[in-house]
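# Summary of structural features
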Amino acid sequence: MESKLYEVSEYKKIVEDLLNGKVVGFPTETVYGLAIIYNDKSSFDKLYEIKNRSITKPISMMVSDRNVIEQVAYVNETQQKVIDNLMPGALTVILKAKENLPEHVTFNYPTVGIRIPTNDVALKILKEVNKPLLVTSANVSNEPSLIKYEEVFDKFNGKIASLIKQDAINGIASSVVDLTTSPIKVLREGPVSLNEILKIIGE
């Protein structure tokens, strides 16, 4: 069955699909994303199949605001400074995961990656769903991340339930920084630099 294309104003249709265990697509301020509800194992399996992604690689979590982070991860004072100063934005932080997270979210790692987007439609979807989402770049593993919704439609038509008719913005995936190590580690370079983070935490 063909994937449905929705205008930004129809974002609640995307929310419906998410709540019904479907895989959906929406833009962010970095690259276009494919998303599922974080605790739905069936949609998780679908997403990995669609992306042909290795079952050893967890997917980062996207949340609507800073308060939600404390529901899924432990945050110390230094980590909180980074969150308060650089989130929302193009930054994924690795934090110590809370024990209540499903195994398929963490793959039994002690950590979880979390991001808060600035894109309006992504935030509206997250707030309406009222649960964290697992969001990964819209591509088949080891292929370039897609930015334009038409490209996502062409690549995943019939494989995902629906997507929003809006392009992603800058095309550069978020920086990924592990805040659980000392010193902190950059796992993926992106729009937010290590220097920016070190200035905030006073190193």
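Structural notes, computed from the coordinates. Not measured: the values here are computed from a predicted model. (Residues numbered from 1 in each chain as written. Predicted model: local features only at pLDDT ≥ 70, side-chain atom pairs only at ≥ 80, totals over all residues. Heavy atoms only, no water.)

Attention now goes to the pattern of salt bridges. Close approach of charged atoms allows side chains with opposite charge to pair. On inspection of all chains with the given rule, the structure shows six salt bridges. For Glu29, the salt bridge goes to Arg115, with nearest N and O atoms at 2.7 Å. With Glu29 in the loop between β2 (24–26) and β3 (33–37) and Arg115 in strand β7 (residues 111–115), this pair connects stretches of sequence that are 86 residues apart. With relative accessibility at 5%, the residue Arg115 sits in the buried group. (Salt bridge = Lys/Arg side-chain N within 4 Å of Asp/Glu carboxyl O. Helix = DSSP H or I, 4+ residues; strand = E, 2+ residues; numbered from the N terminus. Buried < 20%, exposed > 50% of the residue type's maximum accessible area, 1.4 Å probe, protein only.)

Time to look at the packing of aromatic side chains. This model, assessed by the stated rule, comprises three aromatic pairs. Centroid distance Phe44 to Tyr48: 4.5 Å. Interplanar angle 40°. Geometry classified as tilted. Remark: Tyr48 and Phe44 occur in helix α2 (residues 41–51); sequence separation between them is four residues, near one turn of the helix. Per residue, the accessibility class of Phe44 equals that of Tyr48, and both read buried. Between Tyr48 and Phe107, the ring centres sit 6.1 Å apart and the planes meet at 45°, which makes this aromatic pair tilted. Remark: Phe107 occurs in the loop between α5 (103–106) and β7 and Tyr48 occurs in helix α2; sequence separation between them is 59 residues. The buried category is assigned to Phe107, whose relative accessible area is 18%. Three or more aromatic residues joined by ring pairs form one cluster here, namely Phe44, Tyr48 and Phe107. (Phe/Tyr/Trp six-rings, centres within 6.5 Å; stacked < 30°, edge-to-face > 60°.)

Residues of helix α7 (residues 149–156) that are buried: Tyr149, Val152, Phe153 and Phe156. One side of α7 holds all its buried residues, which, seen down the axis, span an arc of 100°. Check the buried side of α7 and you find it contacts β1 (4–6), β3, α2 and β9 (162–164). Looking at the residues trailing α7, positive phi occurs at Gly158, about 85°. (Arc of directions from axis to C-beta. Contact = heavy atoms within 4.5 Å.)

In this section: the packing of helix α1 (residues 11–19) against helix α6 (residues 120–129). With their axes 9 Å apart at the nearest point, α1 and α6 run at an angle of 50° to one another. Classified by the angle their axes make, α1 and α6 are oblique. Our pair here, α1 against α6, has a crossing hand that is right-handed. Here α1 contributes Tyr11, Lys12, Ile14, Val15, Leu18 and Leu19 to the contact with α6, which in turn contributes Val121, Lys124, Ile125, Glu128 and Val129. A per-class count over the contact of α1 with α6 returns eight nonpolar, no polar and three charged. (Axes fitted to C-alpha atoms, helices over the stretch in contact; angles between N-to-C directions. Parallel < 35°, antiparallel > 145°, perpendicular 65-115°, else oblique. Left-handed = near helix turned anticlockwise from the far one by under 90°. Nonpolar A, V, L, I, M, F, W, Y, C, P; charged D, E, K, R; others polar.)

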